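# Residue-level structural notes
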Amino acid sequence: MVDGWALINSYFRTKNISQMEIDSFNQFIDKKLPEIIRENNEVTPKIEEVRVEFEKIEVLRPRIVEADGSIRNEFYPLEARLRNRTYSSPIYLTMRLLRRDVEQDKKKTHVGELPIMLKSNRCWLSGKTGQELIEMGEDPMDFGGYFIINGSEKALMTQEVLASDRVIVSDQLDKIVAEVISTRGAFKGRVRIIRGADGTLSVTFPASPRKLKLFVLLKALGLKSAQAIREAFIDQTEIQNDVLINIENLLVKSEKEALDKIGKFVAPGQVEEYRLRRAQEVIDAFLLPHIGQDQKNRLAKAYYLVMMATKAIERAYNLRVEDDKDHYANKRLELSGKLMEHLFRYSFKYFIKDLKFQIDRTVTRRRKLNISTIVRPGAVSERIRFAMSTGNWIGRATGVSKFMDRVNYLSPLTDLRKVKSPLDKNRELYEARDVHGTHWGRLCPIETPDGPQCGLVKNLALLAEVTTENDEEPVEKLLKDMGVKLK
């Protein structure tokens, strides 16, 4: 008989129970913050000839600003708890103000405060020995992974979401639906391909015409002839049969005609040139943004839609089984770092909006324009602090941050390992609440609340680990270097 406790003891000798939360937050600070700045690296307000560029973002160690305005850099978590303060760090952003392409001002300016996770690489407790922690007033056995907001310890509850950029095929009444949640930055667009009972294929995506025929969209994306469309699909009798049905119903003859058909919906009543341009903008921005948002990505999007349609047709002829949404391969867990990324991206968008307003107001009042007068640090800080205090996150999610329960040693452990599903607790949803086979070894099959939250709030297993996301490019480069070719 295997002694399980020997394994568990050896595992936790080197591992911290909240290490994955700390790793996720570190990734947010080190990689995701600069990415968000790059996404929004230029601000162009309504006032002509004025432009603001963002360069480098820095998050320092936590500090405290006293009532008299004096700043003290060494600010430890114990003091934040005792004085009901937020354990947060200042965010500094290097900004350039240009007027008629001439630099007027360049400054590293304070743009807000960011709550810092205990034991993360920006925390004063990071890397300290047990004795040093005791001298700082901390419990050396405390595992970190939480925040201190207005003196209260707050943990962010891991959110269980459907995997992005993954095609799911399902049966719905008399039709088959292949859908994917395409994600790029803050934008999530659901793209659906619907195969009707008569074999016709239609597609929906954000800002698309209602009941847009798939083959019209394929023509607009660059598959110019019926022959090119047929060759894009695999040479299998059932698949080609459905392709021929759809080609027969295809009324548009050229790429321009297909774009105009989409343009008549997105820009009704406009001249042809504007309609065509608007249709191209909608296809580039809202259709499968994870593939890319440029003209050069259109053909890749066409082949991706062909793959989705092939899966829907295969399901209609029982050549593949329906995908299981409750299978854990089709789920992703959003840890503290990902949740903070969503929150910061939303707060930073508001900061940019406020920056534009301040520039417009300064110029209209004929005041001197410089970075100090147009930056309002509260624009970022207020939104982050409100979400962390109330638990009301963006995307109408509630209960994301919760008070750390310190009644006994096990309470904070469960708070840091909880997994919450976004599904409505007032609906029955029997299958979503059931224990699924893929939960084995990942989620505890017993620990779940009674009542309406049953099966929707779960707990990670003791030895379960959630990895942080990695960049795809090094893997792609390695495969290319090894000579792997696409068929």
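Here, the structure is the one placed above.
Residues numbered from 1 in each chain as written. Predicted model: local features only at pLDDT ≥ 70, side-chain atom pairs only at ≥ 80, totals over all residues. Heavy atoms only, no water.

What follows covers unusual backbone geometry. A positive phi is found at Leu173, a non-glycine position, where the angle reads about 50°. Mapping Leu173 onto the fold places it in the loop between strand 10 (168-172) and strand 11 (175-184). Take Leu173: its relative accessible area is 88%, and that puts it in the exposed class. Backbone geometry at Asn318 places phi at a positive 60°, although glycine is not the residue there. Of note, Asn318 is situated in the loop between helix 10 (298-316) and strand 15 (331-334). (Helix = DSSP H or I, 4+ residues; strand = E, 2+ residues; numbered from the N terminus. Buried < 20%, exposed > 50% of the residue type's maximum accessible area, 1.4 Å probe, protein only.)

Below, the discussion takes up the packing of aromatic side chains. Any two aromatic rings considered together are summarised by their centre-to-centre distance and by the angle between their planes. For the coordinates displayed, the defined rule picks out 13 aromatic pairs. Geometrically, the ring pair formed by Phe25 and Phe147 is edge-to-face, given 5.5 Å between the ring centres and 70° between the ring planes. Separated by 122 residues along the polypeptide, Phe25 in helix 2 (residues 19-39) and Phe147 in strand 7 (residues 147-149) bring together distant segments of the chain. Between Phe28 and Phe344, the ring centres sit 6.4 Å apart and the planes meet at 70°, which makes this aromatic pair edge-to-face. With Phe28 in helix 2 and Phe344 in helix 11 (residues 336-364), the pair connects residues that are 316 residues apart, well separated along the chain. (Phe/Tyr/Trp six-rings, centres within 6.5 Å; stacked < 30°, edge-to-face > 60°.)

Take helix 7 (residues 237-248) next. In this model, helix 7 (twelve residues) spans 17 Å end to end at C-alpha, consistent with the 16 Å of a helix rising 1.5 Å per residue. Among the residues of helix 7, those classed as buried are Ile239, Gln240, Asp242, Val243, Asn246 and Ile247. The buried residues of helix 7 occupy an angular sector of 160° when the element is viewed end-on, so they sit on one face. Across helix 7 from its buried face, at more than 90 degrees, point the exposed residues Thr237 and Glu248. On its buried side, helix 7 packs onto strand 12 (187-195), strand 13 (201-204), helix 5 (214-220), helix 6 (226-232) and helix 10. (Expected span 1.5 Å × (residues − 1). Arc of directions from axis to C-beta. Contact = heavy atoms within 4.5 Å.)

The description of two helices packed together rests on the angle between their axes and the distance between the axes. Helix 11 packs onto helix 2 with a crossing angle of 25° between their chain directions and a minimal axis gap of 8 Å. In this view, helix 2 runs roughly parallel relative to helix 11, as classed from their interaxial angle. Handedness of the helix 2/helix 11 crossing: right-handed. Touching Glu21, Ser24, Phe25, Phe28, Lys32, Leu33, Ile36, Ile37 and Glu39 of helix 2 are Ser336, Gly337, Lys338, Met340, Glu341, Phe344, Arg345 and Phe348, all from helix 11. Its residues assigned to classes, the contact of helix 2 with helix 11 comprises eight nonpolar, three polar and six charged. (Axes fitted to C-alpha atoms, helices over the stretch in contact; angles between N-to-C directions. Parallel < 35°, antiparallel > 145°, perpendicular 65-115°, else oblique. Left-handed = near helix turned anticlockwise from the far one by under 90°. Nonpolar A, V, L, I, M, F, W, Y, C, P; charged D, E, K, R; others polar.)

On to a negative patch on the surface. Together, Asp165, Asp471, Glu472, Glu473 and Glu476 make up a region of like negative charge exposed at the surface. If you trace the backbone, Glu472 turns up in the loop between strand 18 (457-459) and helix 16 (473-481). (Patch = residues over 30% accessible without salt bridge, like charges linked within 9 Å, V, L, I, M, F, W, Y side chains within 5 Å. Areas by Shrake-Rupley, 256 points an atom, 1.4 Å probe, with all protein chains shown as cover. Salt bridge = Lys/Arg side-chain N within 4 Å of Asp/Glu carboxyl O. Lys, Arg positive; Asp, Glu negative; His and termini not counted. Charge placed at Lys NZ, Arg CZ, Asp CG, Glu CD.)

Attention shifts here to the sheet that holds strand 15. With mixed pairing, four strands are arranged side by side in an open sheet as 15-9-17-18. Strands at the two margins of the open sheet, each flanked by one partner only, are strand 15 and strand 18. Direction aside, the axes of adjacent strands within the sheet are offset by 35° on average. Judged from the three bridges that link them, strand 17 (residues 418-420) and strand 18 form a sheet pairing that is antiparallel. Its bridge partner lying in strand 18, Lys420 is registered against Val457. (Pairing = 2+ DSSP bridges.)

A word on helix 14 (residues 410-417). Within an α-helix, residues lying three or four positions from one another point in the same direction, as the helix has 3.6 residues per turn. For helix 14, a buried count of six out of eight residues is recorded, marking the element as mostly surrounded by other parts of the structure. Within helix 14 the residues assigned to the buried category are Ser411, Pro412, Leu413, Asp415, Leu416 and Arg417.

Once that is clear, we can look at the environment of Lys338. Position of Lys338 among the secondary structure elements: in helix 11. Note on Lys338: relative accessible area 23%, which makes it partly exposed. Residues Lys338 and Gln159, 179 residues apart in the sequence, show an inter-C-alpha distance of 9.5 Å. Lys338 has contacts with Ser24 and Glu469, leaving out every residue within four places of it along the chain.

Below, the discussion takes up the sheet that holds strand 1 (residues 42-43). The strand order 1-2-5-6 describes an open sheet built from four strands, whose pairing is antiparallel. Of all the strands in the sheet, just strand 1 and strand 6 (102-115) have a single pairing partner and so form its edges. Relative to strand 5 (residues 88-99), strand 2 (residues 50-59) is paired through eight bridges, and the arrangement is antiparallel. Across the sheet, the residue bridging to Val59 is Ile91, located in strand 5. Where helix 2 meets the sheet, it contacts strand 2, strand 5 and strand 6, and its direction lies at approximately 170° from that of strand 2.

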